[in-house]
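Structural overview
Below, each chain spelled out in residue letters.
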Amino acid sequence: KTTTLVLQSIREITPVCATEPSRCNPTNTGNTGEGIEEHTYMGILDFNEFPLSNLASCGGKIIIGAEINARNNAITTGPSGALYTDCMIDLNKAPCNTSPALTSEPIAILCCDQPFYFNNGALDTANLDSLSYAWANPQEGYNNNTSYSGNFSYLNPFTVYDPRPNGGPPIPNASPPIGLFLDPLTGDIVLTPTNCSEVTVAVIEITEWRKNAKGKHEVIGKTRRDMQFIVKSCPGNNPPLITSGTYNYSVCEGNSLCFD
């Protein structure tokens, strides 16, 4: 079944100071400046109604995808054309499920030669399902991966700092971080970009896990976030460094944590 999503709202989310003018004025208009807008679309698929009701009891997984011609010419690492993304739900294993909410805005402007830390802020407070994270291929259609140029790939979409001749596993705790790191348990992305004019695309796939009646974790859904990352020179902006001390704390839900 195909449905047309309806545009609900447009909101500028460019990370600029409050005194700076809008970078997207008028909204939804090209060539107004280097800015980022959040466009929210909505559509309803009802599996209680025909023809989707035929799928409600099937044994397979349901893929829900959306496509828009949204990859721009600024991308330097290859991906171009249509932007397609999808999610997977399993109506048998989890007939009632809420996908994780991505609480961080998809803003990825990186300072060249400076450590970059990002987390999509995925939360599942509705069902308390377990989440894991992995890189995934950007796509331009269902099961149709878009291609990268040169040595770039979905596992290697950035030019990052790595002084080792033969590379190796990423070292996110190094100063500066070495290689490209994605924590599969927390979703933390850590890297030090070194190409000051790079614009690339990376996809983070979030997998939902839930215990079945036998206490075994099963995959009940997948959610993808397709993001464009922009690397810029940031003269005069040196991030603070934490050089000593212990800054790791554990706290139980509902308790307070106080520190100086």
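In short, a report on the structure. (Residues numbered from 1 in each chain as written. Predicted model: local features only at pLDDT ≥ 70, side-chain atom pairs only at ≥ 80, totals over all residues. Heavy atoms only, no water.)

To continue, consider the state of the cysteines. In this structure the tally under the stated criterion is two disulfides. One disulfide in the model links C111 with C234; its S-S distance is 2.1 Å. Taking the torsion about the S-S bond as the criterion, the C111 to C234 disulfide, at about -90°, is left-handed. Linking C111 in strand 6 (residues 109-111) with C234 in the segment after strand 15 (217-232), this pair joins segments that are 123 residues apart in sequence. The partner cysteine of C112 in its disulfide is C196, sulfur to sulfur 2.1 Å. On the sign convention where negative is left-handed, the bridge of C112 and C196, at about -70° about the S-S bond, is left-handed. Of this pair, C112 sits in the loop between strand 6 and strand 7 (116-118) while C196 sits in the loop between strand 13 (189-191) and strand 14 (199-211); the two residues are 84 residues apart in sequence, bridging distant segments of the chain. Classification of C112 by relative accessible area gives buried; the value is 7%. Looking at C196, the relative accessible area reads 33%, which means it is partly exposed. Numbered in order of appearance, the disulfide-bonded cysteines of the protein are paired 1-4, 2-3. With no disulfide partner, C258 has as its closest neighbouring cysteine sulfur the one in C252, 15 Å distant. (Disulfide = S-S within 2.5 Å. Helix = DSSP H or I, 4+ residues; strand = E, 2+ residues; numbered from the N terminus. Buried < 20%, exposed > 50% of the residue type's maximum accessible area, 1.4 Å probe, protein only.)

The nonpolar side chains of a soluble globular protein tend to be buried with one another. Within the largest apolar cluster, 20 residues are counted, with the highest numbers of intra-cluster contacts made by L110, Y133, W135, F158, I189, L191 and F229. Those elements that place two or more of their residues in this core are strand 7, strand 9 (130-136), strand 13, strand 14 and strand 15. Beyond its immediate sequence surroundings of up to four residues, L110 is in contact with F116, F158, L191, P193, F229, I230, V231 and K232. (Core = buried A, V, L, I, M, F, W, Y, C linked by side-chain atoms within 4.5 Å. Contact = heavy atoms within 4.5 Å.)

Structurally, T223 can be placed in strand 15. Relative accessible area serves as the criterion here: at 13%, T223 is assigned to the buried category. Among all residues touching T223, those that are not within four sequence positions of it are C87, S99, P100, I204, E205 and I206.

The strand order across the open sheet built from three strands is 7-13-12, with neighbouring strands paired in antiparallel fashion. A single partner strand is all that each edge strand has here, and the edge strands are strand 7 and strand 12 (181-182). (Pairing = 2+ DSSP bridges.)

To continue, consider the pattern of salt bridges. The tally for this structure, following the rule as stated, stands at nine salt bridges. For R11, the salt bridge is made with E38, and the minimal N-O distance between the two is 3.2 Å. Highlighted residues: R11 in strand 1 (residues 6-12) and E38 in strand 2 (residues 37-42), separated in sequence by 27 residues. For R11, a relative accessible area of 38% gives the class partly exposed. (Salt bridge = Lys/Arg side-chain N within 4 Å of Asp/Glu carboxyl O.)

Further remarks concern the environment of P115. You can see P115 is positioned in the loop between strand 6 and strand 7. According to the relative accessible area criterion, P115 is partly exposed, its value standing at 32%. Those residues in contact with P115 that lie beyond four places of it in its chain are P176, P177, L191 and T192.

Once that is clear, we can look at a positive patch on the surface. Taken together, the side chains of K61, K93, K214 and K216 make up a positively charged region of the molecular surface. Inspection of the secondary structure puts K61 in the loop between strand 2 and strand 3 (62-68). (Patch = residues over 30% accessible without salt bridge, like charges linked within 9 Å, V, L, I, M, F, W, Y side chains within 5 Å. Areas by Shrake-Rupley, 256 points an atom, 1.4 Å probe, with all protein chains shown as cover. Lys, Arg positive; Asp, Glu negative; His and termini not counted. Charge placed at Lys NZ, Arg CZ, Asp CG, Glu CD.)

Inspection of the secondary structure puts Y249 in the segment after strand 15. According to the relative accessible area criterion, Y249 is partly exposed, its value standing at 46%.

Let us now look at the pairing of strand 14. Counting buried positions over the 13 residues of strand 14 gives ten, a clear majority of the element. When strand 9 meets strand 14, the two strands line up antiparallel, connected through seven bridges. Of the residues in strand 14, the one forming a bridge with A136 is V203. Note: strand 14 against strand 15, 13 bridges, orientation antiparallel. Bridging from a neighbouring strand, I204 pairs with R225 of strand 15. In textbook terms, the turn of a hairpin is the stretch between consecutive antiparallel strands, and for strand 14 and strand 15 this stretch comprises five residues, one of which, G215, has a positive phi near 80°.

Purely geometric numbers; function is a separate question.
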